[in-house]
Amino acid sequence: VDAFQAWCGPCKTVVDLFRKIRNEVGRDLLHFTSAEVDSIDALEEYRGKCEPVFLFYAGGQLVAVVRGANPPLLQKTILEQL
């Protein structure tokens, strides 16, 4: 989940990376989405930050968090979680 604030918008710089990884590992294993933290109470702790935050869930549980648009770390985290 790309957790973003309305004034900042979703992180467009990593969209291509997400598409590439999803195409490599398969659409059934990996799902990406964006969530505006200002409108979701459960994501309140991610408000007020000016860096992108990526939340990784498996089985309905938060399993990893990556702060900042760091493509190598995002790719590493995705592959480790799979």
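Residues numbered from 1 in each chain as written. Predicted model: local features only at pLDDT ≥ 70, side-chain atom pairs only at ≥ 80, totals over all residues. Heavy atoms only, no water.

You'll find the protein entered in an unreviewed UniProt entry as TXND6 protein, with Nothocercus nigrocapillus given as the organism.

K.L.:
Give a description of the overall build of the protein that names residues and reports values.
P.N.:
Along the protein, the regular secondary structure elements total two helices and four strands. Tracing the protein from N to C terminus, the helices and strands come up as β-α-β-β-β-α. The C-alpha atoms of the protein give a radius of gyration of 12 Å, which matches the 12 Å a tight globule of 82 residues would have. A principal-axis box enclosing the C-alpha atoms of the protein has dimensions of 35 × 25 × 20 Å. Looking at the protein as a whole, 30% of its 82 residues are labelled buried. Residue pairs at least 24 apart in sequence account for 49% of intrachain contacts in the protein once pairs closer than 6 positions are excluded. With the model as given, the accessible surface of the protein reaches about 5300 Å², and the carbon-plus-sulfur share is 51%. (Helix = DSSP H or I, 4+ residues; strand = E, 2+ residues; numbered from the N terminus. Rg over C-alpha atoms; globule rule 2.2 N^0.38 Å. Buried < 20%, exposed > 50% of the residue type's maximum accessible area, 1.4 Å probe, protein only. Contact = heavy atoms within 4.5 Å. Areas by Shrake-Rupley, 256 points an atom, 1.4 Å probe, with all protein chains shown as cover.)

K.L.:
Please set out the pattern of salt bridges residue by residue, giving values where relevant.
P.N.:
Counted by the stated rule, this structure contains four salt bridges. The shortest N-O distance in the salt bridge between Lys76 and Glu80 comes to 3.5 Å. With Lys76 and Glu80 both in helix H2 (residues 71-81), this residue pair falls four residues apart, about one helical turn. Overall, the relative accessible area of 52% leaves Glu80 in the exposed class. (Salt bridge = Lys/Arg side-chain N within 4 Å of Asp/Glu carboxyl O.)

K.L.:
Tell me about helix H1 (residues 15-25), and name the residues and values.
P.N.:
Among the residues making up H1, those that are buried are Leu17, Phe18 and Ile21. The buried side chains of H1 occupy one side of the element, clustering within an arc of 100° when seen end-on. Opposite the buried face of H1, at more than 90 degrees from it, the exposed residues are Asp16, Arg19 and Asn23. Phi turns positive one or two residues past the end of H1, at Gly26, with a value near 110°. (Arc of directions from axis to C-beta.)

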